[in-house]
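Structural overview for review
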Amino acid sequence: MNIDIMLDKLSKSKFRNSFHLNKKMKDYVYEKGMDTIKCHAYDFVLSRLASNEPINDGSQTPMKGHPVFISQHACACCCRSCLEKWHHIPKGRRLTNMEIDYIVDLLMRWIMIEVENEK
Ligand SMILES: [Zn+2]
């Protein structure tokens with residue numbers, strides 16, 4: 001799925017579009033830099049989503065605490081049910097490397113747009 005098309009679709013969902021980065025989160029992104037945030041995104045996706053049966057699937061993504069978590073809710077990459085519903089990535093099997101890259105690219109694009117919109 002094309003990332004721009006997906007972001008456009010997500011922005012039309014009242015629920016998904018209700019998630020935004022606050023000033024503190026944006027400051028954190030600036031402070032750490034996009035490369036580091038991207039590493040965090042890979043860590044979270046690999047440890048919380050990628051396995052065939054993620055632990056606490058459906059509630060593994062906090063609503064606060066890290067910009068990537070917020071991005072995951074905004075981008076419907078919070079759990080395997082949302083990945084299946086929005087991104088047509090089936091549950092019950094391990095994510096492929098291509099899917100992991102796609103998810104991280106989407107999350108990072110959303111974060112970049114949020115950060116740039118501040119100014
Ligand atoms: Zn979800």
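Please refer to the structure higher up on the page.
Residues numbered from 1 in each chain as written. Predicted model: local features only at pLDDT ≥ 70, side-chain atom pairs only at ≥ 80, totals over all residues. Heavy atoms only, no water.

**Remarks on the coordination of the zinc ion**
We count it as follows: A donor here means any N, O or S atom no more than 2.8 Å from the metal (3.2 Å for Na, K and Ca); water is not included, so a site may seem to lack partners. A simple rule labels every residue: compare its accessible area, found with a 1.4 Å probe on the protein chains alone, to the largest value its type can have, and call it buried under 20%, exposed over 50%, or partly exposed in between.
All of the protein donors around the zinc ion are Cys78 (SG), Cys79 (SG) and Cys82 (SG); their distances to the metal are 2.3 Å. Linear spacing of the donor residues for the zinc ion on their chain is C-C-x2-C. Of the two residues, cysteine 79 and cysteine 82, both sit in the buried class.

**Observations regarding unusual backbone geometry**
Using the following cut-off: Strands are runs of DSSP state E lasting at least 2 residues, helices are runs of H or I lasting at least 4, and numbering of each runs from the N terminus.
Its identity as a non-glycine residue notwithstanding, asparagine 56 has a phi of 55°, on the positive side. Structurally, asparagine 56 is set in the loop between α3 (34-48) and α4 (67-74). By relative accessible area, asparagine 56 is classed as exposed at 56%. Here the phi dihedral of alanine 76 falls at roughly 55°; this positive angle occurs in a residue that is not glycine. Take alanine 76: it is sitting in the loop between α4 and α5 (80-87). With relative accessibility at 0%, the residue alanine 76 sits in the buried group.

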